[in-house]
Structure formats: C-alpha cells, structure tokens
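Spelled out from the first residue to the last, the chains are:
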Amino acid sequence: MGSIPAVRTTPAWPAALPESPWALQRTDNLLEVSQLHLWRGDRHLLRGLQFSVAAGQLLQLLWPNGTGKTTLLRCLAGFLHAEQGEVRWQGTNVEKDRDAFHWDLAYLGHESALKGDLTAMENLRLSCALRVPQKAERLRIALEKVGLGSIDPALPVRSMSAGQKRRVALARLSLWHARLWLLDEPATNLDAAGQAVFGKLLGAHLSGGGLAIVATHRAIELAGTANRFWVAPQEVPQ
Amino acid sequence: MSLRASSPAAAMAVLRRDLLLAARRPGEWLQPLGFFVLVTVLFPLAMDPEPSRLRMVAPAALWVSLLLASLLALEILFREDSRDGTLEQYALSGQSFTALLLAKTATHWLLTGLPMVLVGPLAALSLAAPAAAVPGIALALFLGSLSLSLIGAIGAGLTLGTRRGGALLSLLVLPLVAPVLIFGARATAWAIAGEEAAGALYLLGAMGVLALTLAPLAAAAAVRISME
C-alpha cells in the first residue's frame, strides 16, 4: 500500500480571520483517500486512487471527459460506494459517521437543486433551514456578494438565466459553512464577472481553512492559495 | 456548531417548502383528486343506476378509484426533487434522510390523500350510500390512504431512476397494497350495510401503523439506491 504521496503545498495563512467558522489549525490532510477502486458496470473507472487534501488547498480535477471526475466526486460525497479503499475525513473513515461528514460537506453537482417556482431568497432560506437557519439579512448579503443584489426579489428562479441560477447556487454554498466543497463544473454558464465572483468565494473559503475539490475543464487561477492540479486519473496530483 | 438545525426542524422545513411549492403550482396535486371524483362519478353512468345495485358496487368503485388516483399522485412524489438535485442535497444535509423523506410523504398525503378522504364520502353518497355510513367510510379512507402513501413511497423511490416509471410503479405497488384494498372495501361495504365495521377498521389501522414504522426506512433506502 505504501504511504500517501506527500504533495503538500503550504497554504498562505492569514494572520487572523475573525469571521472564519473554524478555528484555524494546521491539521494536514483533512481528507485522505487510499486505494480507491470503483467499477461502473463493467468499467473499472477508478483504479486505486490515492491522494490527500490539506486545509486551505484547492484540488482541481482536470481529467479528460469520461474518465470519472463526476464519479469520484459522487463517490466522495457518498452517493456511490467504492468496491475497495477508504475515504478518511479528519482521520476517521467517513462510513463510520456519515452525518458528521455530510455536515462538513457541501456538494454542488450538475443540477443546482433550486426550485423554479420559488424566488432566490426563498430557495436560500429553505435550503439553509436544513442546516443552519439564517436571518433574511444574511441571505440578502450572500445574494449581493454573488452579484444578484439588484435583482427583482419577486422573480422566480425559473425566469432567471442559467448563469444567474448558478450564482444563486454559489450564494447557497457560501451560506452553509461547510469545510469541504465538492464542486462539479461550478463555473458552467457563468460569465466573466460570474467567474470572478466564484474565484472570490473560493479564495475566501480556502483562506479560511476550507478545502475544495473541483472538477473542471478550464483550470481555475487563484492567487495566494495552494492550488493543485490533477491532470489525469493515472497520474499523481501535483 | 450549535446553530445546526435539529432533525424535526429540518423535517418541518421540508414540509413548509413542499406546501409553498404546491401553493405556487396547484394544478399538479389537484389532478389525482379530479381523477378520483371523475371515476367514481362515471360508475353510475356506466351501469344500471338502480340504488340497490349502486350501493353494492360503491365500495369497489371507491377503493379502486382511490388506489389508481394515489398511484397517479405517487408519480409526482419524488420526481421533481430527483430531477433538480434536491434529493441529493437532502441526502447530504447531515440530517436523517428518513425523516426528511417522511416529511415529504406526509406533505404529499396532505395534498393528495386528505382531499380524497374528504371528498370520498360525497362520492359514496352519489353511489347511493346512506348518510349514516359516512363516518365509517371516511375513517376507512383516512386509514387506507395513509398506508397507500407510505407504502407507495417505497415504489416511487425504487422507480425514480427509470424512464417511464409509471407502469412499473403500478406493478410494484399494487400487489403490496392489495390488503389495504381488501380491508378498506370490506369496511366500506359493512358501513354501507349498516353493520359493525370495527374489525376491518382495526386491521386498516394496524396496517397504517406498520407502514408508518417500516415504510419510511425502506423508502429512504430505495431513494438512495436510485441515486447511485
């Protein structure tokens, strides 16, 4: 089995972040994956993946199409069960305490999980009620941060553009205070300004001690963060 | 983090969300009720409308329509939430998935089952049932529709991943709910005949309790499987 490859880049640590929901601690490798094997039907899609992600790190999955980016993310989130191998979060196997792991986890898939009949605020309020109920003021600020501050508050999400919907989903992500973000093509449909907003959110998340694994076709450039790229599943993440 | 929403609070949030959604789009959950009313009204048109004969077919007409209307309603139980990724977020919320889906099923019953329970006795009256039978019929429909929603949720969960799951859903759920049909129709027939219907009602109640304890767990497992 061997040890986990030590590809650790030291993140830039801010002196103090009072708004950070986590006590800043230098715990290396919060997420560790070892010998992960997964089949989809007859296909042996993930072959013995081994990697780890430390606090403040961004791991970008830049694998080619059809090589299992989404599968890996869904497996980490717990939708798919690996035939072999284990995923450890903060040192314990995630199977042991799924709810605790899910509490630390935010997953954004291809679908934004927004209700078209509800407004952006209603969507945020009701999805936050499942985790941490938030005051309307906080929700409004979150919407402003993603550039939707001036939008008609009565506008149902179904009438928004695809990019605007994605922005609402990003606002929700920022409200959950989850430490690990698993994002599947988060920048789809976002315009240049939207991508900048996303970069800012991601930067704040990482500098606050969060982790992110992002499946994407276009590499995300982020200054001042531990940005790691993983080009193909058979290679070691750099 | 102590701010975390408790499981009952999260389940209430699901309930509120689904009620709000239903209020925005009333057509969807009114359809099964319309179907139920239409089918029961069609019976006297299709047969000799002599009151004694109508009274004889009333239990069968009521319960078969209730069964088919609830199947129609079950198709929409998880469909939208599965399509737009909401169910995935429920599964990852760190809350009890079973509790959240039970809240969804309860809302679904409030919107589709309860209206049929309320309208059912009227439909029975139109099938020449005596007014004295109304409480018994309403109680039987109430207990029966609860079981139908709870057991049906398992089938709805299992058929989520399939295209055109409607027919498959019927094939899966109808055999499971046959006891509900048998005892429900029996209780209704006894109530119409003016006899004591308690025996069949007790059995319906027992099935409801059994469904309430086991079906939510099975439904949650079924939905998890179809998310793979």
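Residues numbered from 1 in each chain as written. Chains lettered and ligands numbered in written order. Predicted model: local features only at pLDDT ≥ 70, side-chain atom pairs only at ≥ 80, totals over all residues.

S.K.: Help me get a handle on the overall build of chain B, residues and values and all.
M.R.: The helix and strand tally for chain B stands at ten helices and zero strands. Mapped in sequence order, the helices and strands of chain B form the string α-α-α-α-α-α-α-α-α-α. A globule of 228 residues ought to have a C-alpha radius of gyration of about 17 Å, and chain B, at 18 Å, matches this closely. Counting only C-alpha atoms and orienting by the principal axes, one finds that chain B spans roughly 65 × 35 × 30 Å. Nonlocal contacts in chain B, meaning residues at least 24 apart in sequence, comprise 81% of its contacts between residues at least 6 apart. (Helix = DSSP H or I, 4+ residues; strand = E, 2+ residues; numbered from the N terminus. Rg over C-alpha atoms; globule rule 2.2 N^0.38 Å. Contact = placed C-beta atoms within 7 Å.)

S.K.: Requested: an account of the overall build of chain A, with residues and values cited.
M.R.: Each helix and strand counted, chain A has six helices and nine strands in total. Sorting the 238 residues of chain A into buried and exposed places 42% on the buried side. Taking contacts inside chain A between residues at least 6 apart in sequence as the whole, the part at least 24 apart equals 73%. (Buried ≥ 20, exposed ≤ 12 C-beta atoms within 10 Å, placed from the backbone.)

S.K.: I'd love a proper account of the environment of L62 of chain B, names of residues and values included.
M.R.: All names here are of chain B. Inspection of the secondary structure assignment puts L62 in helix α3 (residues 51-74). C-alpha of L62 to C-alpha of L141: the two residues are 79 residues apart in sequence and 9.0 Å apart in space. Setting aside residues no more than four positions away along its own chain, L62 makes contact with T40, G120, A123, A124 and T188.

S.K.: So what's going on with helix α3 (residues 120-128) of chain A? Residues and values would help.
M.R.: One turn of the α-helix equals 3.6 residues, which is why residues spaced by three or four share an orientation. The element α3 of chain A is largely enclosed, with a buried count of eight among its nine residues. By the burial criterion, the buried members of α3 of chain A are A120, M121, E122, N123, L124, R125, S127 and C128 of chain A.

S.K.: Tell me about the interface of chain A and chain B, and name the residues and values.
M.R.: Across the contact, 23 residues belong to chain A and 21 residues belong to chain B. Going through the elements one at a time, α2 (98-103), β6 (105-108) and α3 of chain A are the ones with two or more residues in the side of chain A that touches chain B. For the side of chain A that touches chain B, a count of residues per class yields 14 nonpolar, four polar and five charged. (Nonpolar A, V, L, I, M, F, W, Y, C, P; charged D, E, K, R; others polar.)

S.K.: Any chance you could break down the environment of T71 of chain A for me, citing the residues and the numbers?
M.R.: Residue and element names in this part refer to chain A. Along the chain, the position of T71 falls in helix α1 (residues 69-77). Judged by C-beta crowding, with 21 C-beta atoms within 10 Å, T71 ranks as buried. Taking the C-alpha atoms as reference points, T71 and L46, 25 residues apart in sequence, are found 8.3 Å from one another. Sequence-distant contacts of T71, that is, excluding residues within four places in its chain, are made with L38, R40, L45, L46 and L80.

S.K.: Any chance you could break down the pairing of strand β1 (residues 31-40) of chain A for me, citing the residues and the numbers?
M.R.: Residue and element names in this part refer to chain A. As judged from the seven bridges shared by β1 and strand β2 (residues 43-53), these two strands associate in the antiparallel manner. Among the inter-strand pairings, L36 is bridged to a residue of β2, identified as L49. Count of turn residues in the β1/β2 antiparallel hairpin: two residues, of which G41 carries a positive phi of about 65°. Bridging between β1 and strand β4 (residues 84-89) involves five bridges; their strand directions are antiparallel. Residue H37 lies in a different strand from β4, and its bridge partner there is Q84. (Pairing = 2+ DSSP bridges.)

S.K.: Let's hear about helix α10 (residues 198-227) of chain B: which residues, and what values?
M.R.: Residues and elements named next belong to chain B. Taking 1.5 Å of rise per residue, 30 residues should cover 44 Å, and α10 covers 42 Å from first to last C-alpha, within 8% of that figure. Largest kink in α10: about 40°, centred on L214, with the proline P216 one to four residues after it. The set of residues buried in α10 consists of A200, L201, L204, M207, G208, A211, A215, P216, A219, A220, A222 and V223. On its buried side, α10 packs onto α5 (86-91), α6 (97-126), α7 (134-158) and α9 (178-193). (Expected span 1.5 Å × (residues − 1). Bend = angle between axes of the 7 residues up to and from the residue.)

S.K.: If you had to explain the sheet that holds β2 of chain A to someone new, which residues and values would you point to?
M.R.: One open sheet holds the four strands; their spatial order is β2-β1-β4-β5 (chain A), and the pairing between them is antiparallel. A single partner strand is all that each edge strand has here, and the edge strands are β2 and β5 (92-93) of chain A.

S.K.: Got a sec to walk through unusual backbone geometry? Specific residues and values, please.
M.R.: All names here are of chain A. The backbone phi angle of A113 is positive, close to 55°, even though this residue is not glycine. Residue position: A113 is located in the loop between β6 and α3. Note on A113: 20 C-beta atoms within 10 Å, which makes it buried. Residues other than glycine seldom take positive phi values, yet N189 does so here, at roughly 70°. Mapped onto the fold, N189 is located in the loop between β7 (180-184) and α6 (192-207). C-beta crowding within 10 Å serves as the criterion here: with 14 such atoms nearby, N189 is assigned to the partly exposed category.

S.K.: Kindly report on the sheet that holds β7 of chain A, identifying the contributing residues and their values.
M.R.: All names here are of chain A. The sheet built from five strands is open, its strands ordered β6-β7-β8-β3-β9 with parallel pairing. Looking at the sheet topology across the chains shown, the edges are occupied by β6 and β9 (226-230). The mean inter-strand angle of the sheet, taken between neighbouring strand axes irrespective of direction, is 15°. Two strands pair when backbone bridges link them, and β7 and strand β8 (residues 211-215) are joined in this way by five bridges, in the parallel orientation. Following the sheet pairing, W181 is matched in β8 by A212. (Axes fitted to C-alpha atoms, helices over the stretch in contact; angles between N-to-C directions.)

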